[in-house]
Amino acid sequence: MNTVSAVIMAAGQGTRMKSAIPKVLHPVAGKPMVWYMAALARRVADSAVAIVIGHGAEQVREYLTQEESALSPFSVVEQVQQLGTGHAVQQARSVLVGDTQPVATQCLILNGDTPLLTEETIRALLDAHDSSQATVTILTTSLEHPQGYGRVVRGSESQVLSIVEDRDATELEKSIQEINVGTYVVNTRFLFESLDTLKPQNVQGEYYLTDIVGMAVSQGLRVSAFVTTDTNETIGINNREHLALAEREMRQRVCRVWMQNGVTVVDPSRTSIDADVTVGRDSVLYPDVRLEGRTVIGESCIVRSHTRITNSTVGNGVTIQDCCVINEADIEQDAMIGPFAHLRPKVTIRARAKVGNFVELKQVELGEGSKANHLSYLGNTEVGQSVNIGAGTITCNYDGYKKEKTIIEDEVFIGSDTQLIAPVRVGRGAMIAAGTTVTQDVPPEALGISRPVQLNKEGAAKRKRDSRHLKK
Ligand code: UD1
Ligand code: CA
């Protein structure tokens, strides 16, 4: 019985990305590439998983530690100098080969930059390896534009002979369209024996993992190729253009999953849903909506165009109108948000509450059925149930040194153009007259008003107009 360990090569610099961030930490649909590779390896391997890190090791290690509970068990090994893919796999020897024998008979090897690979394809590759009883099985595909990839050289009976890198290829070899995807299943014993004898004889002076194919062939061992026709799945991300291609493909995949689960995505090509987001059935996502991070959208919600929701929870039946920015908010059922609302971190919108046009909220609880419909800023504020916040209300929560709290109890009515100078409390059922600056607590059921008494000067406007007229 074959058993399978796995190794992910994630140590390369990714020079062609021209980035300060290690390549494998670049996100696709909101998650770093290395996450996809590690999750895939963990799902298909029944033995140890080794992740080889090197360039930006500290950053990659920190990320992996963060995700440990979701991806474990795996081992991290370091390739201090990145001398090539063959050298990278060699670093995993201590994990994949015990004191005397391999921890698993076969080893799945994955490039760190092919996040679109699916479990289905890897399982088919493993099956092909088993059934052909090969020593090495490589995953290949045919590309119309194979530039940059290693080419698969086959013999007269179409048997695999070797892999030749683009930079080392002759003109004839460059015309080969079948490419090495960078995914291999190899007999573990053969793998480490052959890596020991690998030589960096190529244009780049690197230890190429791909040379083990030619080595197996020259020893008379069987090498098979499993050909996939899904060329999207095999994208290896070397530069930003590849990254954008992979992003588009991944997003379409994610949209497809949610549509299969009963979500209406009006235009999937213009909707982006991160990999960790969930969306309830009968929700409708209009074009140019972005759902990011760990956002959860309930059932029967409507999210209109140009709205971005990050790491937020949205209950059932919520409507979010166009052009809202929502980050780390918790919105309960049947609430209505927007258009043009900005919900900043630590905001809770209780059931059936409404937040309308040009309203900014930060660290706010807006109680059940309460409304802040127009042109307001509320910060560090607790609002009870059935409260009406009039247009142009501002909580003055910052005195230049520290943030203070405003408390507005149930059934309060705040008139338009009110400023509340925190810390301050407006008691249950109180009313604040329009244009008031609230500087002290307002008792329950009281009317708070702070505006100069209005004076009407009879005929003064007309006199002013007439005198101007005379001057002309
Ligand atoms: C590699 C293959 C090529 C294949 C292509 C598929 C080799 C020699 N070539 O080329 O045949 O068509 O992938 O996408 O393997 N890495 C390390 N340590 C190193 C060097 C690389 O961990 O010292 C890692 C990288 O982080 C990356 C992976 O190995 O995740 C592949 O390296 P990369 O430089 O992208 O190889 P390609 O030129 O794409
Ligand atoms: Ca690559």
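Note that this is a predicted model, so its numbers are computed, not measured. (Residues numbered from 1 in each chain as written. Chains lettered and ligands numbered in written order. Predicted model: local features only at pLDDT ≥ 70, side-chain atom pairs only at ≥ 80, totals over all residues. Heavy atoms only, no water.)

Engineer: Explain the packing of aromatic side chains to me, please; I cannot follow it from the model alone.
Structural biologist: Any two aromatic rings considered together are summarised by their centre-to-centre distance and by the angle between their planes. Inspection of every chain in the model, using the stated rule, returns 2 aromatic pairs. Plain terms: the ring middles of Trp35 and Tyr36 are 5.2 Å apart, the flat faces sit at 85° to each other, and that makes the pair edge-to-face. Comparing Trp35 with Tyr36 shows no difference in burial state: the two are buried. Ring plane angle 10° and centroid distance 5.0 Å describe the contact between Phe340 and Phe358, whose orientation is recorded as stacked. Highlighted residues: Phe340 in the loop between β24 (336–337) and β25 (341–343) and Phe358 in strand β27 (residues 354–366), separated in sequence by 18 residues. Directly above the ring of Trp35 sits Lys31, whose terminal nitrogen or CZ lies 4.6 Å from the centroid. The cationic tip of Arg304 hangs over the ring face of Tyr286; the distance from NZ or CZ to the ring centre is 4.1 Å. (Phe/Tyr/Trp six-rings, centres within 6.5 Å; stacked < 30°, edge-to-face > 60°. Buried < 20%, exposed > 50% of the residue type's maximum accessible area, 1.4 Å probe, protein only. Helix = DSSP H or I, 4+ residues; strand = E, 2+ residues; numbered from the N terminus. Lys NZ or Arg CZ within 6 Å of the ring centre and 35° of its normal.)

Engineer: Honestly, the nonpolar core in this entry has me stumped. Any pointers?
Structural biologist: Most often, soluble globular proteins have nonpolar side chains that are buried together. Grouped together as the largest cluster of nonpolar side chains are 49 residues, with contacts concentrated most on Ile331, Ile337, Leu343 and Ile349. Within the residue set of this core, elements represented by two or more residues are α10 (240–260), β23 (329–331), β25, β26 (347–349), β27, β28 (371–383) and β34 (424–426). When residues in this core are grouped by element, the largest group, 5 residues, is from β27. Not counting residues up to four positions away in its chain, the partners in contact with Ile337 are Thr319, Ile320, Gln321, Cys324, Ile326, Ile331, Leu343, Ile349 and Val355. (Core = buried A, V, L, I, M, F, W, Y, C linked by side-chain atoms within 4.5 Å. Contact = heavy atoms within 4.5 Å.)

Engineer: Explain the site of ligand 1 here, please?
Structural biologist: Every one of the 23 residues lining ligand 1 counts as a neighbour, but Gln79, Gly84, Gly150, Glu165 and Asn180 are closest to it. Asp113 is positioned with one of its side-chain polar atoms (N or O) 3.1 Å from an oxygen atom of ligand 1. Across the complex, the protein chains shield 91% of the 740 Å² of accessible surface that ligand 1 would expose by itself. The pocket occupied by ligand 1, as judged from atoms lying within 2 Å of grid points, is the largest pocket. Broken down by secondary-structure element, the contributors of at least two residues to the shell around ligand 1 are β1 (4–10), α4 (85–90) and β10 (178–187). Residues belonging to the shell around ligand 1 are distributed by class as follows: 8 nonpolar, 11 polar and 4 charged. (Near = heavy atom within 4 Å. Polar contact = N/O pair within 3.5 Å; in protein donor to acceptor, adjacent residues only side chain to side chain. Areas by Shrake-Rupley, 256 points an atom, 1.4 Å probe, with all protein chains shown as cover. 1 Å grid on protein atoms, 1.4 Å probe; cavity = no way out; pocket = protein on both sides within 12 Å on 5 of 7 lines; lining within 4 Å. Sits in = over half its atoms within 2 Å of the grid points. Nonpolar A, V, L, I, M, F, W, Y, C, P; charged D, E, K, R; others polar.)

Engineer: For this particular structure, what's the right way to read the coordination of the calcium ion (ligand 2)?
Structural biologist: Each pair of donors in an ideal octahedron of six around a metal sits at 90 or 180 degrees, and each pair in an ideal tetrahedron of four sits at 109.5 degrees. Those donors, Asp113 (OD) and Asn238 (OD1), are the protein atoms that reach the calcium ion (ligand 2), and they lie 2.3 to 2.4 Å from it. On the criterion of sequence distance, the pair formed by Asp113 in the loop between β6 (106–111) and α6 (119–132) and Asn238 in the loop between β11 (223–227) and α10 is long-range, its members being 125 residues apart. Its relative accessible area of 8% is what places Asp113 among the buried residues. When its relative accessible area of 15% is taken as the criterion, Asn238 is described as buried. (Donors = N, O, S within 2.8 Å, 3.2 Å for Na, K, Ca; no water.)

Engineer: Whenever I open this one, a nonpolar patch on the surface confuses me. Can you help?
Structural biologist: Taken together, the side chains of Phe413, Met431, Leu447 and Ile449 make up a nonpolar region of the molecular surface, amounting to roughly 390 Å² of accessible area. Tracing the chain through its elements places Phe413 in strand β32 (residues 413–414). Overall, the relative accessible area of 38% leaves Phe413 in the partly exposed class. (Patch = residues over 30% accessible without salt bridge, like charges linked within 9 Å, V, L, I, M, F, W, Y side chains within 5 Å. Salt bridge = Lys/Arg side-chain N within 4 Å of Asp/Glu carboxyl O.)

Engineer: Whenever I open this one, helix α9 (residues 211–218) confuses me. Can you help?
Structural biologist: Note on helix geometry: an α-helix contains 3.6 residues per turn, so any two residues three or four positions apart are oriented the same way. Along α9, the residues classified as buried are Ile212, Val213, Met215 and Ala216. Projected down its long axis, α9 shows its buried positions confined to an angular sector of 165°, all on one face. Looking at the buried side of α9, the elements it contacts are β7 (136–142), β9 (160–164), β10, α8 (188–196) and β11. Immediately downstream of α9, the backbone of Gly220 shows phi near 75°, a positive value. (Arc of directions from axis to C-beta.)

Engineer: What should I look at first to understand the domain arrangement of the protein in this one?
Structural biologist: Think of interface size as the accessible area that goes away when the parts come together; that is how it is often given. Along its sequence, the protein is carved into domain 1 (2–233), domain 2 (261–343) and domain 3 (363–472). Here the C-alpha centroids of domain 1 and domain 2 sit 38 Å apart. Counting the surface domain 1 buries against domain 2, the share from its top three residues, Ala29, Gly30 and Lys31, is 85%. If you look at where domain 1 meets domain 2, you find 1 salt bridge. With a closest N to O distance of 2.6 Å, Lys31 and Asp276 form a salt bridge. Along the contact surface separating domain 1 from domain 2 lie 2 residue pairs in polar contact (both at pLDDT 80 or more). Taken together, the residues that form the side of domain 1 that touches domain 2 break down as 2 nonpolar, 1 polar and 1 charged. (Domains from an automatic or database assignment. Buried area = accessible area lost by both parts, 1.4 Å probe.)

Engineer: Explain helix α1 (residues 33–44) here, please?
Structural biologist: Between its first and last C-alpha atoms α1 spans 17 Å; for 12 residues at 1.5 Å apiece the expected length is 16 Å, and the two agree. Burial within α1 is extensive, with 11 of its 12 residues counted as buried. Among all positions of α1, only Met33, Val34, Trp35, Tyr36, Met37, Ala38, Ala39, Leu40, Ala41, Arg42 and Val44 are buried. (Expected span 1.5 Å × (residues − 1).)

Engineer: What is the right way to look at the layout of surface pockets in this model?
Structural biologist: To find leftover empty space, a probe the size of one water molecule is rolled over the atoms. There is about 1,400 Å³ of room inside the largest pocket. Taken together, 48 residues make up the lining of the largest pocket; nearest its centre are Arg16, Lys23, Asn111, Asp113 and Asn238. Of all elements in the fold, only β1, α4, β10 and α10 reach the threshold of two or more residues within the lining of the largest pocket. No other element matches α10, which puts 5 residues into the lining of the largest pocket. A breakdown of the residues in the lining of the largest pocket according to their chemical character gives 12 nonpolar, 25 polar and 11 charged. Here the second largest pocket is characterised by a volume of approximately 320 Å³. Lining the second largest pocket are 16 residues, and of these Trp35, Tyr36, Arg43, Met250 and Arg253 lie nearest its centre. Of all elements in the fold, only α1 and α10 reach the threshold of two or more residues within the lining of the second largest pocket. When the residues that make up the lining of the second largest pocket are grouped by side-chain class, the tally is 12 nonpolar, 1 polar and 3 charged. (Points joined across faces, edges and corners; volume = space filled by probe spheres on them.)

Engineer: Even after reading the chapter, I still don't get the pairing of β10, so can you show me in this structure?
Structural biologist: Residues in a regular strand project their side chains so that they alternate between the two faces of the sheet. Burial runs high along β10: 9 of the 10 residues are buried. Taken together, the 5 bridges between β6 and β10 define a ladder with antiparallel strand orientation. Residue Leu108 lies in a different strand from β10, and its bridge partner there is Val185. Judged from the 6 bridges that link them, β7 and β10 form a sheet pairing that is antiparallel. From the neighbouring strand, Ile138 faces β10, where its bridge partner is Tyr184. (Pairing = 2+ DSSP bridges.)

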